[in-house]
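The chain contents come next:
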Amino acid sequence: MATKEEQNTDPFAAVESLRATLTKAGIVLPSLRVDPASPALNLVELGRLRADVAARLAEAIQRGGRG
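Notes on the structure in this doc start here.

1. Section: the overall build of the chain
In step 1: Helix and strand counts for the chain come out as 3 helices and 2 strands.
In step 2: Listed by position from the N terminus, the elements making up the chain come as α-α-β-β-α.
In step 3: Across the 67 residues of the chain, 16% fall into the buried class.
In step 4: Sequence-distant contacts in the chain: of pairs separated by 6 or more residues, those separated by 24 or more amount to 40%.
In step 5: Accessible surface, the chain: about 5200 Å² in total, of which carbon and sulfur atoms supply 59%.

Set out below in structure tokens:
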């Protein structure tokens, strides 16, 4: 079950925050968006990405987002 904080998170703000952070790391997820099929769930769709982008994303997460 989702916590109150999770339920109250604005998915549009979350998408823009994630997009800005990924951009700083040199990563672009072209399909990143709010999932329009489930507005009550506040889902964010990351979309499909090439394997090299997935590897760069994993590296960025492993180093804590530090360039």
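2. Looking at helix 3 (residues 51–62)
In step 1: Compared with the 16 Å implied by 1.5 Å per residue over 12 residues, the 16 Å span of helix 3 between its first and last C-alpha is a close match.
In step 2: Among the residues trailing helix 3, G64 stands out with phi positive, at a value near 75°.

3. Thoughts on the pattern of salt bridges
In step 1: Scanning all chains against the criterion turns up 4 salt bridges.
In step 2: The closest approach of N and O atoms between E16 and R19, which form a salt bridge, is 3.7 Å. Here R19 and E16 lie together in helix 2 (residues 11–24), a separation of 3 residues that amounts to about one turn.
In step 3: On the basis of relative accessible area, R19 is assigned to the partly exposed category, the value being 31%.
In step 4: The salt bridge partner of R33 is E45, with a shortest N-O separation of 3.3 Å. In this pair, R33 is assigned in strand 1 (residues 33–34) and E45 in strand 2 (residues 44–45), connecting sequence segments 12 residues apart.

4. A closer look at the environment of V28
In step 1: Within the element layout of this structure, V28 appears in the loop between helix 2 and strand 1.
In step 2: Note: C-alpha distance between V28 and V53 (25 residues apart in sequence) is 7.9 Å.

About the criteria used
Residues numbered from 1 in each chain as written. Predicted model: local features only at pLDDT ≥ 70, side-chain atom pairs only at ≥ 80, totals over all residues. Heavy atoms only, no water. Helix = DSSP H or I, 4+ residues; strand = E, 2+ residues; numbered from the N terminus. Buried < 20%, exposed > 50% of the residue type's maximum accessible area, 1.4 Å probe, protein only. Contact = heavy atoms within 4.5 Å. Areas by Shrake-Rupley, 256 points an atom, 1.4 Å probe, with all protein chains shown as cover. Expected span 1.5 Å × (residues − 1). Salt bridge = Lys/Arg side-chain N within 4 Å of Asp/Glu carboxyl O.

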